[in-house]
Amino acid sequence: QVQLQEWGAGLLKPSETLSLTCVVYGGSFSGYYWSWIRQPPGKGLEWIGEIHQSGSTNYNPSLKSRVTISVDTSKNQFSLKLNSVTAADTALYYCARVPPYWYFDLWGRGSLVTVSS
Amino acid sequence: QSALTQPASVSGSPGQSITISCTGTSSDIGSSSYIFWYQQHPDKAPRLIIYDVSDRPSGVSSRFSGSKSGNTASLTISALQAEDEADYYCSSYRNINTVVFGGGTKLTVL
């Protein structure tokens, strides 16, 4: 059974870079896009972006200038970097699998990232 | 990018039916068959319940149904049960190569 697990630093200061990795266990990495989605405490979902095993990416236009998503197929994992964070980036960050097309059928449990001085 | 518009809350009694609307634009819902709905219980990850406007993944109850008219998509839950109490999010493909979510709707089963 395929499972996704996020990991990374949970507490950042303003202006630092958020860095998270999602490991895909128990299934094929190929044939899918892999996505990052975030949810501020008590608020709704926001799509951050996605990456294909080939390295092709798509990003949310509102975050594109600060986001980089990369993939390491040898380790069945993909990563998120978000630079120049502020308190507004405090959220639960989910990784998710994206079958064709554009929906999320498997989700990780989420990784809470807090930005505070 | 602006979110799709959902009502903040809806409620219904057990056994009743409710409908949650999701309004977008001609750049997303109006021009897309890639419309999805997710259910999220407290402290849980979202769960896909409708894909491609009206299809249900395996294991999702037939009490959940989806539809679309113009720039508005809808999720209907029939024969409400206590376990349906959750937050519901719509989502759509938006030109070009992006995804947008609705703001979420809290369903209360009275």
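Residues numbered from 1 in each chain as written. Chains lettered and ligands numbered in written order. Predicted model: local features only at pLDDT ≥ 70, side-chain atom pairs only at ≥ 80, totals over all residues. Heavy atoms only, no water.

**Regarding the overall build of chain B**
The cut-off we apply is this: The way it works is that DSSP assigns letters per residue, a run of H or I at least four long becomes a helix, a run of E at least two long becomes a strand, and they are numbered from the N terminus. Every radius of gyration here is taken over C-alpha atoms, with the globule rule written as 2.2 Å times N^0.38, N being the number of residues. Only protein chains enter the accessibility calculation, which uses a 1.4 Å probe. A residue is then buried if its area is under 20% of the maximum for its type, exposed if over 50%, and partly exposed in between. A contact between two residues is defined here by any heavy atoms of the two lying within 4.5 Å. Residue-level accessible areas treat just the shown protein chains as cover; the underlying method is Shrake-Rupley with a 1.4 Å probe.
If you tally the helices and strands in chain B, you get zero helices and nine strands. Listing the helices and strands of chain B from first to last along the sequence gives β-β-β-β-β-β-β-β-β. In terms of C-alpha radius of gyration, chain B reaches 13 Å, essentially the compact-globule figure of 13 Å for 110 residues. Taken along its principal axes, the extent of the C-alpha atoms in chain B is 40 × 25 × 25 Å. Among the 110 residues that make up chain B, the fraction classed as buried is 45%. Put simply, 57% of the contacts in chain B that link residues at least 6 apart link residues at least 24 apart. Accessible surface, chain B as shown: approximately 4800 Å² in total, 46% of it carbon and sulfur.

**Side note on the layout of surface pockets**
Heads up, the rule is: Lining residues are defined by having an atom within 4 Å of a point belonging to a cavity or pocket. Those points lie on a 1 Å grid over the protein atoms alone, cavities being sets where a 1.4 Å probe fits but cannot get out and pockets being open sets with protein on both sides within 12 Å along at least five of seven lines. Grid points are joined across faces, edges and corners, and a volume is the space filled by probe spheres set on the points. Three residue categories are used. Nonpolar comprises Ala, Val, Leu, Ile, Met, Phe, Trp, Tyr, Cys and Pro, charged comprises Asp, Glu, Lys and Arg, and polar comprises the others, including Gly.
Reported here for the largest pocket is a volume of approximately 490 Å³. Looking at the lining of the largest pocket, the elements with two or more residues in it are strand 9 (91–98) of chain A together with strand 7 (86–94) of chain B. Along the lines of polarity and charge, the residues of the lining of the largest pocket split into 10 nonpolar, four polar and seven charged. Size it by volume and the second largest pocket reaches roughly 380 Å³. Lining the second largest pocket are 17 residues, and of these Gln-1, Asp-105, Leu-106 and Trp-107 of chain A together with Pro-46 of chain B sit closest to its centre.

**Quick notes on the sheet that holds strand 8 (residues 77–82) of chain A**
Strand pairing in a sheet takes place through backbone hydrogen bonds and is either antiparallel or parallel in direction. Residue and element names in this part refer to chain A. To keep it simple, the criterion reads: Following DSSP output, two strands are said to pair if at least two bridges run between them. Lines fitted to C-alpha atoms define the axes here, with helix axes fitted over just the stretch in contact, and angles between the N-to-C directions of these axes take values from 0 to 180 degrees.
Taking strand neighbours across the sheet as the criterion, the four strands line up as 1-3-8-7 in an open arrangement whose pairing is antiparallel. What marks the edges here is a single partner per strand, and that holds for strand 1 (3–8) and strand 7 (67–72). Averaged over neighbouring strand pairs, the angle between their axes works out to 20 degrees when direction is ignored. Bridge analysis of strand 1 against strand 3 (residues 18–25) gives six bridges, and the strand direction is antiparallel. Of the residues in strand 3, the one forming a bridge with Glu-6 is Cys-22.

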